[in-house]
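# Structural overview for review
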Amino acid sequence: MFDSVLIANRGEIARRIIRTARRMGVRAVAVYSDADEGLPYVSEADEAVRIGPAAPAQSYLDAAALLEVARKTGAAAVHPGYGFLAENAGFARAVIDAGLVWIGPSPDAIDQMGDKIRARNLMAAAGVPVAPGTTEPVADADAAVAAADEIGYPVMVKAAAGGGGIGMSAALDADALRKAFETARTRAERFFGSPEILLERYLPRARHVEVQILGLADGRVVALGERDCSVQRRHQKVAEETPSPGISAELRSQMLAAAVRAGEAVGYLGAGTVECLVDAESGTFVFLEMNTRLQVEHPVTELVTGIDLVEQQFLIAAGEPVSFDPSAPVLPRGHAIELRVYAEDPKRFLPSPGAITAWQEPSGPGVRVDSGYAAGTTVTPFYDPLLAKLCAHGATRDEAIARARLAVADFVVTGPKTNLPFHAELLGNAEFVSGDYDTGLIGRMRQA
Amino acid sequence: MAEVRAEMVANVWKVLVSEGDHVDDGDTLVILESMKMEIPILAEESGTVTKLHVAEGDVVQEDELIAEIG
């Protein structure tokens, strides 16, 4: 095992990685921008180095500055967390070229999965089901309309290099498609530096279910169960749970097997997530994309499997065996729910940065909180609005929901507006509680 | 006379109108960006942009004046 790790990230995920590093006796080096100097992860790291001003381009996205910190502090490995440079193959190559251990899959695997068009084609070739869609970039709005006539409406317009729901929109007809195409192209260029667009058949009443995989150092790929991420606003996840209440045992085993094939097709190493859309009525699923990194919602998998995913990432990157028996099937124990606590108003979900004057986290049986802030810290407008991930684990889904309700009521955040009232509403919503919901749930809650 | 104010701390990403422009109710005046989200700021009545208080790249505070429409 390497003796030290640079964490090229911030907030709750930096703190999460520090926790496992310390437990394993690996020295944790953090970096921070001027906006983040007061956050808990900075003081909890063994060493913390200022990386630059608040703007991400001059701090957490500055690959040269990060490598310089690694050199100066003698860090032996780099963990990218999620977001920022986590799925940047160029950064992964630069880390490896600098003689450091990259905690993630090979740069080639990142490249293959980072381009959603290539990834779709590759998955189809590996026998993983994909939705009807384009197999090469769509040149312009006319070409998009022509392609949609073949695929059939509604269609989803997406940036090939995209993520986080940015630039994505569904179109019901040709006029809406032309508008969606232009918006997607502008955002794709701005946020992802590539104007390439793909179209896919849109499933309006689908569940978003993903499979956690681990590519082991010996070349095997194993699946660690699924997560249901169908509670979304603006195509971004707000709450996740495992096991999915909306899939049969048969569909689950098909999805897990397909996810393993997906990982094997790219020689995947480390933690990754195969995202799928499930049409609950027909009991079928299609590949959506693969995230080549640790997922935000990884804690629910940890709660039901008892496996520390960050520890497995460290072990695999060091070329060592994982801490559990990968030849025995990993079965979930109980049920876990994650609620993403965002700095946003709970009705329209608009961002609400500001100074935090009071912060009190809930605790109790089955409750886990991964947070990035504390009283006296400030939520700035420069980064994503995630304040904390509140997770509840129970023997059954009902117990997990009951524990989550109590925990939401006990979570005190004063200063920025938060979506905690939304989570209270969600946990009392009949459709959510029944388990029979899909990605349109929040839209229906807000129409009422 | 209508005042258009920022609802939250944000960066001014795009300014789509100039002083003296006529705008209709619902037109986008500026696009703010906060926490990786684009927030279009719309005219809430028709009229002329009499004063513009922000430029692209500015940071606005909550409740800060963005534009006046008369």
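Residues numbered from 1 in each chain as written. Chains lettered and ligands numbered in written order. Predicted model: local features only at pLDDT ≥ 70, side-chain atom pairs only at ≥ 80, totals over all residues.

Another point: the overall build of chain B. Along chain B, the regular secondary structure elements total zero helices and eight strands. Start at the N end of chain B and walk to the C end: the helices and strands fall as β-β-β-β-β-β-β-β. Radius of gyration (C-alpha) of chain B: 11 Å, near the 11 Å computed for a compact globule of 70 residues. Based on the C-alpha atoms only, the size of chain B along its principal axes is roughly 30 × 15 × 15 Å. Relative to its 70 residues, chain B shows a buried fraction of 26%. Of all intrachain contacts in chain B linking residues separated by at least 6 positions in sequence, the fraction that spans at least 24 positions is 53%. (Helix = DSSP H or I, 4+ residues; strand = E, 2+ residues; numbered from the N terminus. Rg over C-alpha atoms; globule rule 2.2 N^0.38 Å. Buried ≥ 20, exposed ≤ 12 C-beta atoms within 10 Å, placed from the backbone. Contact = placed C-beta atoms within 7 Å.)

Attention shifts here to the interface of chain B and chain A. Of the residues lining the interface, ten residues belong to chain B; the matching set on chain A comes to nine residues. Of all elements in the fold, only β2 (10-15) and β5 (37-42) of chain B reach the threshold of two or more residues within the side of chain B that touches chain A. When its residues are assigned to classes, the side of chain B that touches chain A shows six nonpolar, two polar and two charged. (Nonpolar A, V, L, I, M, F, W, Y, C, P; charged D, E, K, R; others polar.)

Before going further, it helps to examine the sheet that holds strand β4 (residues 77-79) of chain A. All names here are of chain A. As summarised here, the arrangement of the five strands in space is β3-β2-β1-β4-β5, forming an open sheet in which the pairing is parallel. Only two strands of the sheet have a single partner each, and these edge strands are β3 (47-52) and β5 (101-102). Pairing analysis gives five bridges linking strand β2 (residues 27-33) to β3, with the strands arranged parallel. Residue pairing across strands places V31 opposite V49, the latter belonging to β3. (Pairing = 2+ DSSP bridges.)

Our next topic: the nonpolar core. Core analysis: the biggest nonpolar cluster contains 145 residues, and A:A30 and A:V157 have the highest contact counts within it. No other element matches helix α9 (residues 249-265) of chain A, which puts seven residues into this core. Leave out the neighbours within four places in its chain, and A:V157 touches A:M168, A:S169, A:A171, A:L177, A:A180, A:F181, A:A184, A:I197 and A:L199. Residues B:V9, B:V12, B:V30 and B:A67 belong to the second largest nonpolar core, which totals 16 residues. (Core = buried A, V, L, I, M, F, W, Y, C linked by C-beta atoms within 7 Å.)

This part takes up the sheet that holds strand β19 (residues 386-394) of chain A. All names here are of chain A. Taken in spatial order, the eight strands of this open sheet run β13-β12-β9-β10-β11-β14-β19-β17, and their pairing is antiparallel. Every interior strand has two partners, whereas the edge strands, β13 (284-291) and β17 (367-371), have only one. Between one strand and the next, the sheet's axes are offset by a mean angle of 25°, whatever the strand orientation. Across the sheet, helix α1 (residues 11-23) is in contact with β17 and β19; its angle to β19 comes to roughly 55°. (Axes fitted to C-alpha atoms, helices over the stretch in contact; angles between N-to-C directions.)

Below, the discussion takes up the packing of helix α4 (residues 89-97) of chain A against helix α5 (residues 107-114) of chain A. Residues and elements named next belong to chain A. One can describe the packing of α4 onto α5 by two numbers: an axis separation of 8 Å at closest approach and a directional angle of 180°. Compared by their axis directions, α4 and α5 come out roughly antiparallel. Where α4 abuts α5, its residues A89, A92 and R93 lie against P107, I110, D111 and G114. Of the residues that constitute the contact of α4 with α5, the class distribution is four nonpolar, one polar and two charged. (Parallel < 35°, antiparallel > 145°, perpendicular 65-115°, else oblique.)

Attention shifts here to unusual backbone geometry. Negative phi values dominate among residues other than glycine, just as trans dominates among peptide bonds. Of the consecutive residues A:Y153 and A:P154, the connecting peptide bond is found in the cis state with omega at -5°. As for its position among the elements, A:P154 is in the loop between α7 (141-151) and β6 (155-159). Following A:T242, the chain continues into A:P243 via a peptide bond in cis, with omega recorded as -5°. Relative to the assigned elements, A:P243 resides in the loop between β11 (236-242) and α9. One non-glycine residue, B:M35, adopts positive backbone phi at about 50°. Considering the arrangement of structural elements, one finds B:M35 in the loop between β4 (28-34) and β5. For B:M35, a count of 23 C-beta atoms within 10 Å gives the class buried. Although it is not a glycine, B:K36 sits at a positive phi angle of roughly 65°. Within the element layout of this structure, B:K36 appears in the loop between β4 and β5. Note on B:K36: 17 C-beta atoms within 10 Å, which makes it partly exposed.

This paragraph deals with the domain arrangement of chain A. Structurally, chain A comprises domain 1 (4-103), domain 2 (132-201) and domain 3 (207-447). Computed over C-alpha atoms, the centres of domain 1 of chain A and domain 2 of chain A are 34 Å apart. (Domains from an automatic or database assignment.)

All names here are of chain A. Burial within strand β9 (residues 207-215) is extensive, with nine of its nine residues counted as buried. Sheet topology note: the β9/strand β12 (residues 270-279) ladder contains nine bridges and is antiparallel. Each bridged residue has a counterpart across the sheet, and for Q212 the counterpart in β12 is T273. Sheet analysis places β9 next to strand β10 (residues 221-233), joined by six bridges and oriented antiparallel. Counterpart to E210 in the pairing with β10 is R227.

Take the environment of A:R185 next. As for its position among the elements, A:R185 is in helix α8 (residues 174-192). Sequence spacing of A:R185 and A:P195 is ten residues, and the spatial spacing of their C-alpha atoms is 5.2 Å.

Axis angle and axis distance: for two packed helices, these are the angle between their axes and the distance between the axes, and together they describe the pair. Residue and element names in this part refer to chain A. In the contact formed by helix α12 (residues 397-410) and helix α13 (residues 420-428), the axes pass within 10 Å of each other and the chain directions differ by 155°. Relative to α13, the element α12 is oriented roughly antiparallel. As α12 runs across α13, the sense of the crossing is left-handed. Across from I401, A404, R405, V408 and A409 in α12, the residues of α13 making contact are L420, H423, A424 and L427. Residues that form the contact of α12 with α13 fall into these classes: seven nonpolar, one polar and one charged. (Left-handed = near helix turned anticlockwise from the far one by under 90°.)

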